[in-house]
Amino acid sequence: MRALLARVPAPPVVPTARTLVLLALLAPLAVVVAATAPGAWVVAPAAGLALLLVVLIDGWLAGSLRDLRYYVPADVEVGQPAMLRVDATIERDGDAALPEAAIGFDPRLGEHGRAAFRLQPTGEANGFTGMGEAVPVRRGSGALHDLWLRWAGPLGLAVRQRHLALEATLRVWPDLSPVRSPVLQRFLRDSQFGLVARRIRGEGTQFEALSEYEAGMDRRRIDWKASARHTALYARENESERDNQIVFAFDCGQSMIEPVDGLPRIDRAVSAALTAAYVALKGGDRVALFGFADQPQLMTPFVADTRAFHRLQSAAAELDYTPREPNFTLALATLASRLKRRSLIVLFSDFADPTSAELMVESVERLVRHHLVIFVTMIDTELEDLAAIEPASIGDIAMAVSADSLVRQRALVLERLRRLGVNVIEAAHDAIGYRLIDLYLEKKRSEAIG
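Note that the structure is a prediction, hence the values are computed from the model and not measured.

## Looking at the packing of aromatic side chains
Each aromatic ring pair is described using two quantities: the centre-to-centre distance and the angle formed by the ring planes. Applying the stated rule across the entire model yields 4 aromatic pairs. Residues Y278 and F309 carry aromatic rings whose centres are separated by 5.3 Å and whose planes lie at 80° to one another, so their mutual orientation is edge-to-face. A residue pair is termed long-range when its members are at least 10 positions apart, and Y278 in helix α7 (residues 265–282) and F309 in helix α8 (residues 309–317) qualify at 31 residues. Judged on exposure class, the residue Y278 and its partner F309 are both buried. With a centroid separation of 5.7 Å and an interplanar angle of 70°, the aromatic rings of F292 and F328 are classed as edge-to-face. Placement of F292 in strand β17 (residues 286–292) and of F328 in helix α9 (residues 328–338) is noted, with a sequence separation of 36 residues between them. Overall, the relative accessible area of 0% leaves F292 in the buried class.

Below is the structure:
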């Protein structure tokens, strides 16, 4: 996106902090003159007028703005920097300080709501360019609303400023950097051309081919009818079944909008889920997304091809941040009613108190009777640090005891889920995606999904 401002009128001259300091120093000088030589009182006003004249001359020497352009990308991924560029043509003295630019934007595009940076010479006559960055902290559409440009005179006593109201929008998508990572791409190449194919082949129930029986093979794989026809031992080569249904369910409630390492938990969960979904689509399975908070938000149709992966990305971008407690009973009952066959359900959630955890466990218990469930949660490092900190006061002891109690309650809830037959993944936010892929492939090989 680009905006152009050409042949703009000369902006007003504004004094700098250096000028204000000099004016402040003139006050005691005037007092000294009035006390020692009352007849020379005119010296102080004359000095002030002289300084004002110098400021005006310095502002005039700062030069005029001839051209101003800004460039904003249309899309960016949450947590990834979006580069904002400003180009300006200023007719000015080359000995002056470099121009400064600042762009104001929606707080979801950056914690401070602005990006400030200096412009550097381009090598062309009177040309300057500079780049700042906005690092989005939430998905959605964020507006860039203001652009400020200021450049000083050679003495640094005056600056000229230009303000431009912007009408630019930046769309923030889920972070797909793990999908593009070299590690995952190498893994997918191996899975397509040998490594995972050899591991999966022979362990499933879907017939693939017959091969001559060799010493060391499992005798249960011998096909006795085929062996009788060929008067030699043949073994069945099976492969894992495809077309499994996988649903990634996201709790978008209060606990999941809390930040972890600078981004909300829900965004960390979406990134991990899309990474696993991409692997599942490559493996021939079908994937859908389900989001809920106090009520269900969305349920996408099942996607069966990587060419439709962008549909999952677009749907994930619409998951809202809801500062309310999730209704697990309504959400998981709705999800179960829409599934007509056994599926793998990956539930991303968190809990802060035993009451909400109890409701979640009861709902998951009903879900696990007909489906394979994986519960994914992120390690609460802040809570563990509070529980492990060495107390230095009574307040620290109370805080450590409370944190340790919450950690123990959390461990008990996760253990209850495991006893129900739920597969639990508790890991750091940057590890849950790969842990999920490993567990998905393990369940796929063992034919536990279908």
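## Things to note about the sheet that holds strand β18 (residues 296–299)
Taken together, 6 strands build an open sheet; the order of strands is β18-β17-β14-β19-β20-β21 and the sheet is mixed. Of all strands in the sheet, those bounded by a partner on one side alone are β18 and β21 (423–427). Neighbouring strand axes in the sheet, compared pairwise and without regard to direction, differ in orientation by 15° on average. This element, helix α13 (residues 432–445), spans β14 (245–251), β19 (344–348), β20 (372–378) and β21 of the sheet and lies at about 160° to β21.

## Digging into α9
Because each turn of an α-helix spans 3.6 residues, side chains separated by three or four positions in sequence point in the same direction. Among the residues of α9, F328, A331, L332, T334 and L335 are the ones counted as buried. Projected onto a plane normal to the axis of α9, the buried residues spread over an arc of 155° and lie on a single side. Residues of α9 that are buried sit in contact with β14, β17, β18, β19 and α10 (354–367). If you check the start of α9, you find a side-chain oxygen 3.4 Å away from the backbone N of T329, and it comes from N327.

## Overview of the packing of α7 against α8
Running from N to C, α7 and α8 point in directions that differ by 165°, and their axes come no closer than 11 Å. Of the possible angle classes, the one that applies to α7 and α8 is roughly antiparallel. Along this stretch, α7 crosses α8, giving a crossing that reads as right-handed. Mapping the contact onto sequence places V270, L274, A277, Y278 and L281 in α7 and F309, L312, Q313 and A316 in α8. In terms of residue class, the contact of α7 with α8 is built from 8 nonpolar, 1 polar and no charged.

## Quick look at the pattern of salt bridges
Within the structure shown, the criterion is met by 19 salt bridges. For the salt bridge of R307 with D305, the shortest nitrogen-to-oxygen distance reads 3.2 Å. Exposure remark for D305: the relative accessible area of 29% places this residue in the partly exposed category. With a closest N to O distance of 3.6 Å, E415 and R419 form a salt bridge. In this pair, E415 and R419 both sit in helix α12 (residues 394–419), 4 residues apart, roughly one turn of the helix. Of the residues examined, R419 reaches a relative accessible area of 69% and is grouped as exposed.

Criteria and thresholds
Residues numbered from 1 in each chain as written. Predicted model: local features only at pLDDT ≥ 70, side-chain atom pairs only at ≥ 80, totals over all residues. Heavy atoms only, no water. Phe/Tyr/Trp six-rings, centres within 6.5 Å; stacked < 30°, edge-to-face > 60°. Helix = DSSP H or I, 4+ residues; strand = E, 2+ residues; numbered from the N terminus. Buried < 20%, exposed > 50% of the residue type's maximum accessible area, 1.4 Å probe, protein only. Pairing = 2+ DSSP bridges. Axes fitted to C-alpha atoms, helices over the stretch in contact; angles between N-to-C directions. Contact = heavy atoms within 4.5 Å. Arc of directions from axis to C-beta. Polar contact = N/O pair within 3.5 Å; in protein donor to acceptor, adjacent residues only side chain to side chain. Parallel < 35°, antiparallel > 145°, perpendicular 65-115°, else oblique. Left-handed = near helix turned anticlockwise from the far one by under 90°. Nonpolar A, V, L, I, M, F, W, Y, C, P; charged D, E, K, R; others polar. Salt bridge = Lys/Arg side-chain N within 4 Å of Asp/Glu carboxyl O.

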